[in-house]
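Listed below, chain by chain, are the residues.
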Amino acid sequence: MSTEIERKFLVAELPDLSGAEKAVVRQGYLTAPDDSTELRLRQKNDKFFLTLKGSGAMVRIEREAEITAEQFETFWPETDGRRVEKERYTGQLPDGRVFELDVFSGDLSPLLLVEVEFQSEAEAQAYTPPAWFGADVTADKRYKNKTMAINGVPA
């Protein structure tokens, strides 16, 4: 079983992204707003994925499979009203960890969020973020992509 351990932060100050890899992302949710499990379609540049995420905040079950563009387009209309568009920058922090910084567009603009994944819960809890990270919103369900796809930017 695949488990994702990550923390999510607002961005206090945009870092230098010149060395980061950029991807254009659109994702939509097939599950209903009150379902505890998320079933998501994602297009990341020219690749397509179907992802299942379990309930939880910092630790969640995650399973992902690459699908064809045709499969993606078959189910995409079912995500209407539950979509997110963003640019994702993936880079390396000075401590060697990888960050994923999302620059949201559309209704979620100008929101910026950054995530860092960890090998263990203890490592995640002990983590001290760099100065450019803002408030920790890991446990704030309003900042889950699925919630924002439905409700917009948290007030």
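Check the entry above for the structure.
One structure accompanies this document, and this report is about it. (Residues numbered from 1 in each chain as written. Predicted model: local features only at pLDDT ≥ 70, side-chain atom pairs only at ≥ 80, totals over all residues. Heavy atoms only, no water.)

1. Concerning the environment of K141
Mapping K141 onto the fold places it in the loop between β9 (133-136) and α3 (145-151). With relative accessibility at 62%, the residue K141 sits in the exposed group. Here the alpha-carbon distance between K141 and A57, two residues 84 residues apart in the chain, equals 7.7 Å. (Helix = DSSP H or I, 4+ residues; strand = E, 2+ residues; numbered from the N terminus. Buried < 20%, exposed > 50% of the residue type's maximum accessible area, 1.4 Å probe, protein only.)

2. Comments concerning the pattern of salt bridges
Counted according to the given criterion, the structure contains 15 salt bridges. The salt bridge involving R26 is made with E73; its shortest N-O contact spans 2.9 Å. With a gap of 47 residues between them, R26 in strand β2 (residues 21-29) and E73 in helix α1 (residues 69-75) connect regions that are remote in the sequence. Residue classification places R26 among the partly exposed positions, given a relative accessible area of 23%. Residue class for E73 comes out partly exposed when judged on its relative accessible area of 40%. The salt bridge involving E62 is made with K53; its shortest N-O contact spans 3.3 Å. Linked by salt bridges that have partners in common, K8, K86, R88, E100, D102 and E115 make up one network. (Salt bridge = Lys/Arg side-chain N within 4 Å of Asp/Glu carboxyl O.)

3. Quick look at the packing of aromatic side chains
A complete count under the given rule lists six aromatic pairs for this structure. Between F48 and F72, the ring centres sit 5.0 Å apart and the planes meet at 55°, which makes this aromatic pair tilted. Taken together, the residues F48 in strand β4 (residues 47-53) and F72 in helix α1 connect sequence positions 24 residues apart. For the pair shown, F48 and F72 are each scored as buried. Ring centres 4.6 Å apart and planes at 75° place the aromatic pair W132 and F133 in the edge-to-face group. (Phe/Tyr/Trp six-rings, centres within 6.5 Å; stacked < 30°, edge-to-face > 60°.)

4. Here we look at the pairing of β4
Direction of pairing for strand β3 (residues 38-44) relative to β4: antiparallel, over a ladder of seven bridges. Within β4, the position partnered with Q43 by the bridge is F48. If you look at the hairpin formed by β3 and β4, you'll find two residues sitting between the two strands, and N45 has a positive phi there, around 55°. For β4 and strand β5 (residues 59-67), the ladder comprises six bridges, and the chain directions are antiparallel. For F48, the partnering residue across the bridge sits in β5 and is I67. Between β4 and β5, which follow one another and run antiparallel, lie five residues, and G56 among them has a positive phi close to 130°. (Pairing = 2+ DSSP bridges.)

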